Amino acid sequence: MSYLIKRLFTMFVTLWIIVTLTFVIMHMIPGDPFATDAKSLPEEIVQNMREKYNLDKPLPTQYFLYLKDLVQLDLGPSIQSKSRDVNSLIADGFGLSALLGIQSLLIAIVVGIGLGVIAALNHNRLLDYVSMFIAIIGISVPSFILAPLLIKYFAVEWGLLPVAAWGTWSHSILPTIALAVSPIAIITRFVRASMIEILNQNFIKTAEAKGLHTWEIVIKHGLRNALIPVISFIGPLFAAVITGTFVIEKIFAIPGIGKYFVDSIFNRDYPVILGTTIFYSAILIITLFFIDLLYRVIDPRIKIASGGDS
Amino acid sequence: MSQPQINIDHLFRPADKESLHSDKIARPYESYGKEVIRKVVKNKMAVFGFVLLVVIILLSIFGPHMVSHTPSKQNLTQGNLPLSSEHWFGTDDLGRDVWARTWAGARISLVIGFAAAIIDLIIGVFVGGVSGYMAGRGKTGDRIDNLLMRIVEVLFGIPYLLVVILLMVMMKPGITTMIIALSITGWVGMARIVRGQILQLKQQEFVLAAEKLGTSHAKIIIRHLLPNMMGIIIVNLTFTIPSAIFAESFLSFLGLGVQAPTASWGTMANDSLGVILSGQWWRLFFPGLMISLTMFAFNAFGDGLQDALDPKSK
Amino acid sequence: MSHLLEVDDLKVSFHVSSGEIQALRGVSFHVNSGETLAVVGESGCGKSVTAQAIMGMIPSPQGRVKEGRILFKGQDLTKFNKKQFRSVRGSEIGMVFQDPMTSLNPTMKVGSQIDEVLVKNQKLSKKEAKQKTIELLKLVGISDASSRYSQYPHEFSGGMRQRVVIAIALACNPELIIADEPTTALDVTIQAQILELLKKLQKERNTSIMLITHDLGVVAEVADRVAIMYAGVVVESGRVEEIFENPKHPYTWGLLNSVPKLESSEKERLIPIEGSPPDLFAPPKGCPFAERCPFTMEVCLEHMPGKEVFSENHQARCWLNDPRAPKNEELIAAGRE
C-alpha cells in the first residue's frame, strides 16, 4: 500500500514538473499570439486581449493563476478559437484520438505478439525471416509516407475505403492501419528477442521433460515470462502512438487532439499547447503507472522487492 | 568392436608422446572481434544493410554534385517534370531538381542522426553508468542513483517527440536546434539500458571478485563493466541513429524542422502531399523511399550486429 | 531384452558453422529395472547429450542422432516422433536437471508446476492433482506442503527447489528417472540430503535412476553400476565395487586418484589428470585418452581399443588389457597409487 502512495506521489510531482517546464518553455517562445491579428486590430483591443488572457501580468503571477485553474481541471481559454476553451477542444478531439490510438494499439499488440512468437518458435527458419522482414519494413516506412500511399491506393484508386475526414467507423480503418504499422514492428521484434531468450531457459526444458505439447510450453511457460520485459515497452509505444496521431490526424484531416495540438503550435496558441501537452503527459504517466501495477501482477518476484526498485 | 584386420602386434610398445603435439588438429581459434565480424558477414541482411548504408552515405556526399542543378535552384518553367536524363528524379512544383534535393536532404538527415545519437550516447552512458554503479553503494550512492533516476523518470514521462516539438517551437529552427532538441531527451533510453546492464553485471561473480580484490572503481568500470556492455551500447546506437533521422523527417514533415528552402526528406514529403493524387508520384516516392531505405539499412545492420554480439548465437 | 533402458552404439553430432562436433561417438550402456546407473565423466564428455538423446530433447536442427539405438522397454526411442516422445516424457521417464535455481518457472506457483504434469499425463482433475501434489511435496520432504503449494520458486531455497524438481520428475511414477548432475549446484550438506532422498524414493518405488555426475563421491554413495564416459564414448563400465576396487582403464584410475578420501590419515595429495580432453571437433583416430594417459602405446594412437569383458558387468576399452600389451605390472601399480 505504501508503495502505491509513494508511486502516486511521484506521479503528481512528475506532472507538476512537466507543467512548470512546459509553462516556462511556452513563455520563452518568440512571437506573440496576437501577432497575426495585430495588423488588423487597434492597439487598445490587443491590450484588452492581453489583459483577458493574463498576458499583461508578471510571469510568476500567470504561473500561479494557471496552476490554480489546473487544480480545478480548468485548462483555460483558447486564444485562437475565441469562443472555446481548451477543455472543450480536448473533449471534442479526445474521442476520435482515443479511438484511433486504442484501436491501433490493440491491433499492434495482438499482431505483434503473434508475429513475435511465430518468429521465435521458428528461430532461423523461413517463418522467422518472413516475420522479421515484415517487422523491419514496418519500422522502416514512416507513417507519414505510408498514409498517403494508403489513401492513394485503398481510397482513391481502388475506392475501397473513404478518403479522409471523419464520419463512419470505416473512416478510421486507414488511419488505424497507418498508425499501427510501426508499433506492430516494434512489438514483434521485442517479443521475438524475449521469447528466444526464454525458450532457451532451463525451466522450458523442465516443461518439455514433463511431456507438454509445444503450444502448452509456449503459452503457459514461455509467453508470460517473455512478456515481462515487453511490458516496459508499452509506455514508449503508447507515446509513439500519441505522437503518431499528430501526423496521421493531419494527413487524414481528422479533428482529433493531435490536429489541435499541431495547429496550436503554428498559431502560437499558448493555452492550447500547454493544455494538450499536460493532457498527453498525464495520460502517459497514468499509463506508466498502470503498467507498473501490471508488472507486479504478472511477475511474482517483484512483490518481494517492492521497496527497492521504486 | 571393429578389431583391425592388419597386424598391430608391433604397436604394443610405449609411444613417443612428444610427437603427439606436433600434429594435433585443433579447432580453429578466433578472437571475439573476429568472431563477431564473421557472424555479421554471414548475416546477409546485415551485410545488405551495411552496404546500403555506405551507398546512401556516399550519395549524400557526392549525389548533389552529380547533376548540374543545385538543390534549391528554382526554375518555374520546369515545374513538376517527370523523370528524364536531365532530371533523374524529376522536378518539384518550383522546378527544383528532386535528385539534388533528395541527396541534400540525406545529408541533413544523416548529420542530425549521427550527431544526436553521439550526444545521446555520451550523456546516456555517463548518467546510466553513474546511476547503476552508485546504486547500492551506501546512502550517498543510493541518493545519487535515485536523483538521476527521478530525472530520467520525469523525462521518460513526457512523449519524446512532444518535448522535441516544444523545444523546436521555442528555439530558432535549424539543424543545430534540431540536434539539441533531439538530444535533450534522447539520452534517457540509453541511460536506462546502461543502468540496467550495470545493475545486472554488478551481481556477477567476476565483478564481485574484482571488487573484493580491491580493484579501483574506475578500473572496474573500464575493464569489467564497459567491455561487457559495448555490444548492447553499439546495438542501441544503431537504433537511436535511425530514430533521430525519423524524428527529423517527422518534424520537418509537420513544418517544425528545417525550414524552406533547405531540402529535407520530411519537407519534401510534406510538399508533395497535395500532388500525390494528381500523379506526380516521384515527389513523394524518392524522399519516402530514401527515408525507408535508410531506416531499413540501420535496422538490418543493427539486428545482425545484435545477433552476432550475442554469445549464445552460433 | 531384460534391460529397462539399453543404449546401443549411439552417435550424436552437432553441426555448427565451423563443422561437425561429434558429441557421442558410439555410446553403449544399459539400465536395469530398479537399479541406479551412474554415468560419470568430465564436463563435455557427452553425459548430458546422452540424457538429451534419451528424452528426445537434442537441440534441433544443429544436433541429431546419427546412428545407434535407444531401447526403452523394447521400443527404439530414436525412431520416435514428437508425439510419441511426449507420451514418454514425464510419465515414463522423469528428468531432474542440474540447476534448481533456473529449472523452475519463476512466474508460476510451485504447486501448479507439479499439478501440470499430473493433469497432462494422468488426466487428473485440477482438484485431484492438487491433492496429489501436496502428497508429493510431503514425500520429497517439504514441510508445510499445503501452504508451500501456492508459493513461487523464488520463495524456496536451492535445496527445496531441487526437491520440487524431483517431485515433478516423480509425479507420474515413472520407471526411469534421469538425474543430470542433481546435486552439483547445491551445498554439500544439501547434496547429501538430496542423494538420501533419491535413494529412499528409489527403494520405496523401485524406480530406476540414471544418475549423471562428475563426482565419484556421489557415485559411491548411491550407484549400483557405473559407466565412465570420456570424449563421447563409454570407456569403462561395471558394478560399483568393480569400478572402485578393480578399475581397468587408466582414465578411471585417474578419476579415482583425484577423489579425496576422508578416511586416509596420510597427507595424501590429490593427483589431477594432466591435460584436457580431446576436441570433439576433430577427435583422434585412436584412443581419445591416449594423449593424457601415462601408459600410452603406439597402438593407442592409431586404433580405437575394443571392449574387453572382465565379468558379466565389467568391461573396459583399453589396449592395456589386450594380451599383447606388455605386462608392465609395476608401471600400472605405480600409476594407481
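Residues numbered from 1 in each chain as written. Chains lettered and ligands numbered in written order. Predicted model: local features only at pLDDT ≥ 70, side-chain atom pairs only at ≥ 80, totals over all residues. Heavy atoms only, no water.

## Structural notes on the confidence of the model for chain B
Inference 1: Residues with a pLDDT of 70 or more make up 89% of chain B, whose mean pLDDT is 78.
Inference 2: When mean pLDDT is compared element by element in chain B, helix α2 (residues 44-62) of chain B scores highest at 87, while helix α1 (residues 32-42) of chain B scores lowest at 75. (pLDDT = per-residue confidence, 0-100. Helix = DSSP H or I, 4+ residues; strand = E, 2+ residues; numbered from the N terminus.)

## Focus: the UniProt feature "domain: ABC transporter" (unreviewed entry) in chain C
Inference 1: Following the UniProt record, one finds the feature "domain: ABC transporter" (unreviewed entry) at residues 5-256 of chain C.
Inference 2: Within the segment residues 5-256 of chain C, helix and strand shares are 39% and 28% respectively, and the terminal C-alpha atoms sit 27 Å apart. (UniProt positions renumbered as here; feature names shortened; annotations may be inferred.)

## Regarding the packing of aromatic side chains
Within a pair of aromatic rings, the relevant descriptors are the distance that separates the centres and the angle that separates the planes.
Inference 1: Applying the stated criterion across every chain, the model contains 22 aromatic pairs over all chains.
Inference 2: Here the aromatic rings of F289(A) and F290(A) are separated by 5.5 Å at their centres, their planes lie at 65°, and the arrangement is edge-to-face.
Inference 3: You can call F289(A) buried: its relative accessible area is 8%.
Inference 4: One aromatic cluster is present, built from ring pairs that chain together F23(A), Y63(A), F64(A) and Y66(A).
Inference 5: Over the face of the ring belonging to F156(C) we find R148(C), whose NZ or CZ atom lies 4.4 Å from the ring centre.
Inference 6: Over the ring of F310(C) we find K248(C), and its NZ or CZ is 5.0 Å from the ring centre. (Phe/Tyr/Trp six-rings, centres within 6.5 Å; stacked < 30°, edge-to-face > 60°. Buried < 20%, exposed > 50% of the residue type's maximum accessible area, 1.4 Å probe, protein only. Lys NZ or Arg CZ within 6 Å of the ring centre and 35° of its normal.)

## A closer look at the interface of chain B and chain A
Inference 1: At the junction of the two partners, chain B supplies 40 residues and chain A supplies 45 residues.
Inference 2: Counting the surface lost from both chain B and chain A, the interface buries some 3800 Å², and carbon and sulfur atoms represent 79% of this.
Inference 3: Inspection of the region where chain B meets chain A yields zero salt bridges.
Inference 4: Run the count over chain B and chain A and you get one residue pair in polar contact (both at pLDDT 80 or more).
Inference 5: Among the secondary structure elements, those contributing two or more residues to the side of chain B that touches chain A are α4 (138-156), α5 (160-170), α8 (217-254), α9 (265-272) and α10 (282-309) of chain B.
Inference 6: Tallying contributions element by element places α10(B) first for the side of chain B that touches chain A, with ten residues.
Inference 7: Here the side of chain B that touches chain A is composed, by residue class, of 27 nonpolar, eight polar and five charged. (Contact = heavy atoms within 4.5 Å. Buried area = accessible area lost by both parts, 1.4 Å probe. Salt bridge = Lys/Arg side-chain N within 4 Å of Asp/Glu carboxyl O. Polar contact = N/O pair within 3.5 Å; in protein donor to acceptor, adjacent residues only side chain to side chain. Nonpolar A, V, L, I, M, F, W, Y, C, P; charged D, E, K, R; others polar.)

## Structural notes on the sheet that holds strand β4 (residues 63-72) of chain C
All names here are of chain C.
Inference 1: Reading across from one edge, β2-β1-β4-β5 is the order of the four strands in this open sheet, with antiparallel pairing throughout. Looking at the sheet topology across the chains shown, the edges are occupied by β2 (19-31) and β5 (75-76).
Inference 2: Judged from the two bridges that link them, β4 and β5 form a sheet pairing that is antiparallel. What sits directly across from F72, in β5, is Q75.
Inference 3: Across the sheet, helix α1 (residues 47-55) is in contact with β1 (5-16), β2 and β4; its angle to β1 comes to roughly 105°. (Pairing = 2+ DSSP bridges. Axes fitted to C-alpha atoms, helices over the stretch in contact; angles between N-to-C directions.)

## Brief notes about the nonpolar core
Inference 1: Of all hydrophobic cores here, the largest spans 123 residues; its most connected members are F144(A), F246(A), F252(A), I165(B) and L251(B).
Inference 2: Both domains that furnish three or more residues to this core are identified here as domain 1 (35-74) and domain 2 (104-255) of chain A.
Inference 3: Residues in contact with L251(B), not counting those within four places in the same chain, are L161(B), V164(B), I165(B), M168(B), M178(B), L256(B) and G257(B).
Inference 4: Grouped together as the second largest cluster of nonpolar side chains are 75 residues, V12(C), V49(C), F80(C) and I212(C) included. (Core = buried A, V, L, I, M, F, W, Y, C linked by side-chain atoms within 4.5 Å. Domains from an automatic or database assignment.)

## Some points on the domain arrangement of chain C
All names here are of chain C.
Inference 1: The assigned domain composition of chain C is domain 1 (5-92 + 172-336) and domain 2 (97-171).
Inference 2: The centre of domain 1, based on its C-alpha atoms, is set 30 Å off from the matching centre of domain 2.
Inference 3: Facing 24 residues of domain 1, the contacting portion of domain 2 comprises 19 residues.
Inference 4: Here domain 1 is connected to domain 2 by zero salt bridges.
Inference 5: Across the domain 1-domain 2 interface, the total number found is seven residue pairs in polar contact (both at pLDDT 80 or more).
Inference 6: Those elements that provide at least two residues to the side of domain 1 that touches domain 2 are β7 (176-180) and α7 (188-205).
Inference 7: The element that contributes the greatest number of residues to the side of domain 1 that touches domain 2 is α7, accounting for nine residues.
Inference 8: Tallied by class, the residues present in the side of domain 1 that touches domain 2 amount to twelve nonpolar, five polar and seven charged.

## Topic: the environment of I61(B)
Inference 1: Tracing the sequence through the fold places I61(B) in helix α2.
Inference 2: A sequence separation of 45 residues divides I61(B) from A106(B), and the C-alpha atoms of the two residues are 8.8 Å apart.

## Brief notes about unusual backbone geometry
Trans peptide bonds make up most of the peptide bonds, and negative phi angles are found at most residues other than glycine.
Residues and elements named next belong to chain C.
Inference 1: Located in the positive-phi region is K123, a residue other than glycine, with phi close to 55°.
Inference 2: With a phi close to 55°, N173 is a non-glycine residue in the positive phi region.
Inference 3: Residue position: N173 is located in the loop between α6 (158-170) and β7.
Inference 4: We classify N173 as partly exposed; its relative accessible area is 45%.

## Some details on α6(C)
Inference 1: Compared with an ideal rise of 1.5 Å per residue, which puts 13 residues at 18 Å, α6(C) spans 18 Å between its outermost C-alpha atoms and is within 8% of the ideal.
Inference 2: Among the 13 residues of α6(C), twelve are classified as buried, and the element is accordingly described as predominantly covered.
Inference 3: For α6(C), the complete set of buried residues consists of G158(C), G159(C), R161(C), Q162(C), R163(C), V164(C), V165(C), I166(C), A167(C), I168(C), A169(C) and L170(C).
Inference 4: The inward-facing, buried residues of α6(C) abut α9 (202-209) of chain A together with β6 (93-96), α3 (110-122), α4 (126-139), β7 and α7 of chain C. (Expected span 1.5 Å × (residues − 1).)

## Overview of the UniProt feature "transmembrane region" (unreviewed entry) in chain B
Residue and element names in this part refer to chain B.
Inference 1: Mapped onto this structure's residue numbering, the UniProt feature "transmembrane region" (unreviewed entry) falls at residues 47-67, 108-135, 147-169, 175-194, 225-247 and 281-302.
Inference 2: When the span residues 47-67 is considered, its composition is 76% helix and 0% strand, and the gap between its end C-alpha atoms is 29 Å.
Inference 3: Span residues 108-135 is 96% helix and 0% strand, its end C-alpha atoms 39 Å apart.

## Considering the pattern of salt bridges
Inference 1: As enumerated under the stated definition, the model contains 17 salt bridges over all chains in all.
Inference 2: Between K220(A) and E116(C) there is a salt bridge, with the nearest N and O atoms lying 3.3 Å from each other. On the criterion of chain membership, the pair formed by K220(A) in helix α10 (residues 214-231) and E116(C) in helix α3 is interchain, its members lying in two chains.
Inference 3: K220(A) gets classed as partly exposed once you look at its relative accessible area, which sits at 39%.
Inference 4: A residue is classified by how much of its surface remains accessible, and E116(C), at 4% relative accessible area, is buried.

## Here we look at the sheet that holds strand β11 (residues 308-309) of chain C
Residues and elements named next belong to chain C.
Inference 1: Pairing is mixed across the open sheet formed by eight strands, whose spatial order is β6-β7-β8-β3-β9-β10-β12-β11. At either margin of the open sheet sits one strand with a lone partner, and together these are β6 and β11.
Inference 2: One ladder, built from six bridges, connects strand β9 (residues 225-230) with strand β10 (residues 233-239); its direction is antiparallel. Within the sheet, the bridge partner assigned to R225 lies in β10 and is R239.
Inference 3: Across the sheet, α1 is in contact with β3 (36-40), β6, β7, β8 (208-213) and β9; its angle to β8 comes to roughly 145°.

## A short note on the environment of L254(B)
Inference 1: By secondary structure assignment, the location of L254(B) is in helix α8.
Inference 2: A relative accessible area of 1% places L254(B) in the buried class.
Inference 3: Residues L254(B) and L155(B), 99 residues apart in the sequence, show an inter-C-alpha distance of 23 Å.
Inference 4: Apart from the residues lying within four places of it in its own chain, the contact partners of L254(B) are F246(A), V247(A), K250(A), V262(A), F266(A) and I165(B).

## Quick notes on the packing of helix α6 (residues 126-140) of chain A against α10(B)
Inference 1: At their nearest, the axes of α6(A) and α10(B) sit 8 Å apart, and the two run at 135° to each other. In terms of orientation, α6(A) lies oblique with respect to α10(B). Taken as a pair, α6(A) and α10(B) cross one another with a handedness that is right-handed. Packed against α6(A), whose contacting residues are M132(A), I136(A), I139(A) and S140(A), the element α10(B) presents I291(B), S292(B), M295(B), F296(B), N299(B), A300(B) and D303(B) at the interface. (Parallel < 35°, antiparallel > 145°, perpendicular 65-115°, else oblique. Left-handed = near helix turned anticlockwise from the far one by under 90°.)

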